[in-house]
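# Close look at the chain arrangement
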Amino acid sequence: MKTMTSLRTLALGGVLIASCAAAFAGDKPNVVILATGGTIAGAGASVANSATYQAAKVPVDKLIASVPELVNVADVRGEQVFQVASESLTNENLLALAKRVAALSRQADVDGIVITHGTDTLEETAYFLNLVVHTNKPVVVVGSMRPGTAMSADGTLNLYNAVSVAASKDAAGKGVLVTMNDEIHTGRDVSKAVNIKTEAFKSPWGPLGMIVEGKNYWFRNPAKRHTNQSEFDIDKIEKLAPVEIAYGNGNATPTAYRAFAGTGVKAIIHAGTGNGSVSNAVVPTLQELRGKGIQIIRSSRVVGGGFVLRNAEQPDDKYDWVVSHDLNPQKARILASVALTKTQDSKELQRVFMEY
Ligand code: DGL
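In this report, the structure presented in the accompanying data block is examined. None of the values given here were measured: they were computed from a predicted structure. (Residues numbered from 1 in each chain as written. Predicted model: local features only at pLDDT ≥ 70, side-chain atom pairs only at ≥ 80, totals over all residues. Heavy atoms only, no water.)

## As for the overall build of the chain
We count it as follows: Helix numbers and strand numbers start at the N terminus; a helix is a DSSP run of H or I with at least 4 residues, a strand a run of E with at least 2. Just to be clear, the radius of gyration here is over C-alpha atoms, and the globule rule we use is 2.2 Å times residues to the power 0.38. Working definition: with a 1.4 Å probe on protein chains only, accessible area under 20% of the residue-type maximum means buried, over 50% means exposed, and in between means partly exposed. Pairs of residues are marked as contacts when any of their non-hydrogen atoms sit within 4.5 Å. Each accessible area is a Shrake-Rupley result for a 1.4 Å probe, and residues are judged covered by the shown protein chains and nothing else.
On a plain count of helices and strands, the chain comes out with nine helices and 16 strands. Over its C-alpha atoms the chain spans a radius of gyration of 21 Å, differing by no more than 12% from the 21 Å that the globule rule assigns to 356 residues. Overall, the chain is about 65 × 45 × 40 Å in size when its C-alpha atoms are taken along their principal axes. A buried classification covers 53% of the 356 residues belonging to the chain. Sequence-distant contacts in the chain: of pairs separated by 6 or more residues, those separated by 24 or more amount to 71%. When the accessible area of the chain is evaluated, it comes to approximately 14700 Å², of which 53% is carbon and sulfur surface.

Here it is as structure tokens:
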């Protein structure tokens, strides 16, 4: 990789972006790595610390230097967009990141984009980018479950795989992808299903493919609208709608829903038991909040391969509620926060939940 670098700082949406400005000078695909923090940038006190460490410590240039083999797959340059643990990312961070991804994707000298990210909310960021970034170029989100300082750290191979996929012509047009643990997932379906193993990320309908020794093996394509097929465009979004999630459980009360309503939310995602069931103690409150203009979206705390069926556990048509289909509560929140920037109509919202 032959690059000339000089550090320049960009301020975008109030977020400081330090960029190693570089003119790509190689003959391989040009891939930009946007670093946001997380465990892939983490550091532990000893090699035995595979789960005890500090996230968001290692800068993007050191991440790139930790995988010298990247030069065999792409000409790479890095930008440090944030340096945070992903549980602390905000809607404003998501907007700034998506705007940067969209701007880079329009550059003729950029062939693919990788975002290094904490695994806790990686699924939310990947889905958000899938909804609002209009590009056919590969955009790949990647993280790690162990810090680079640990024995059998997974970050270096995950990053190598992510850059390899981002540099691949056959990864174009598949929407935003997530590479973890040798698998290639769609950002729409994938979620963190295990909180402490390297095999942590699962898609209820399975991965799109695998990446092995720098080669992609595809087995299916995304079924829902994404990127260039999306009616949502990051260049036309300046603020996301406030949406919160309330968890369903036995002995339920309406307290959380009322508290959220008091903050001015535009929608509440009900992470219901079973098929998005709602306790008799909560139904009247949701009907009242719907009457006040708050969208009620029934999702489920049960994940892993089903979907919430409209008018099954609740008369959604009668109550004018929306169902999240197969989206888990955190993904339903992302979609609602985007869709509500364009429509307040519940029938339109339901269409969106069936199509994205
Ligand atoms: N604090 C978590 C995060 O940044 C660490 C988990 C990880 O990145 O794997 O998402």
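What follows picks up the thread again.
## What about the pairing of strand 14 (residues 267-272)?
Keep this limit in mind: Consider the strands pointing away from the viewer: the crossover is right-handed when the path from the first strand over the helix to the second runs clockwise. When DSSP locates at least two bridges between a pair of strands, those strands are taken to pair.
The buried count for strand 14 comes to six of six residues, which makes it a mostly enclosed element. Residues Ala267, Ile269 and Ala271 line one face of strand 14 and the alternating positions Ile268, His270 and Gly272 line the opposite face, and both faces are buried. Viewed along the sheet, the connection from strand 13 (residues 243-247) through helix 5 (residues 255-261) into strand 14 turns out right-handed. Here strand 14 runs beside strand 15 (residues 295-300); their pairing, made up of six bridges, is parallel. Along strand 15, the bridge assignment pairs His270 with Arg298. Chirality of the crossover, the property in question, places the unit of strand 14, helix 6 (residues 283-291) and strand 15 among those that are right-handed.

## Examining the pairing of strand 11 (residues 209-212)
Side chains Gly209 and Ile211 project from strand 11 onto a buried face, and the interleaved Met210 and Val212 project onto a face without burial. As paired strands, strand 8 (residues 183-186) and strand 11 are joined by two bridges and run antiparallel to one another. From the neighbouring strand, Glu183 faces strand 11, where its bridge partner is Met210. As paired elements, strand 11 and strand 12 (residues 215-218) share four bridges and run antiparallel to each other. Bridge pairing in strand 12 places Ile211 opposite Asn216. The turn linking strand 11 back onto strand 12 is made up of two residues, and Glu213 within it adopts a positive phi angle of 50°.

## Digging into the site of the ligand
Short version of the rule: One heavy atom within 4 Å of a molecule or strand is enough for the residue carrying it to be called near that molecule or strand. Counting of polar contacts relies on pairs of N or O atoms within 3.5 Å, with two restrictions inside protein: one atom must be capable of donating a hydrogen and the other of accepting it, and residues adjacent in sequence are counted only when both atoms are side-chain atoms. Buriedness for pockets is judged along seven lines, at least five of which must meet protein on both sides within 12 Å for an open set on the 1 Å grid over protein atoms alone, while cavities are sets there where a 1.4 Å probe fits but cannot get out, and lining residues have an atom within 4 Å of a point. Cavities and pockets are treated as containing a molecule whenever more than half of the molecule's atoms lie within 2 Å of their grid points. The classification used treats Ala, Val, Leu, Ile, Met, Phe, Trp, Tyr, Cys and Pro as nonpolar, Asp, Glu, Lys and Arg as charged, and all other residues, Gly among them, as polar.
Around the ligand, a shell composed of Gly38, Thr39, Tyr53, Ala85, Ser86, Glu87, Gly118, Thr119, Asp120 and Ser144 is seen. Taking Ser144, its main chain carries an N or O atom lying 2.8 Å from an oxygen atom of the ligand. A total of 280 Å² of accessible area belongs to the ligand in isolation, and the protein chains cover 91% of it. Counting atoms within 2 Å of the grid points, the majority share of the ligand lands in the second largest pocket. Here the residues of the shell around the ligand are counted per class, giving two nonpolar, six polar and two charged.

## Considerations on the packing of aromatic side chains
Cut-off, in case you're wondering: Two rings from Phe, Tyr or Trp (for Trp, the six-membered ring) form a pair when their centres are within 6.5 Å of each other. A pair whose planes differ by under 30 degrees is stacked, one over 60 is edge-to-face, and the rest are tilted.
Scanning the model with the defined rule gives two aromatic pairs in all. Seen in terms of ring centroids, Phe232 and Tyr356 are 5.2 Å apart; in terms of plane orientation they differ by 50°. Their pairing is tilted. Highlighted residues: Phe232 in the loop between strand 12 and strand 13 and Tyr356 in the segment after helix 9 (346-355), separated in sequence by 124 residues. For the pair formed by Phe232 and Tyr356, the shared burial category is buried. With centroids separated by 4.7 Å and ring planes inclined at 55°, the aromatic side chains of Tyr319 and Trp321 adopt a geometry described as tilted. Relative accessible area serves as the criterion here: at 1%, Trp321 is assigned to the buried category.

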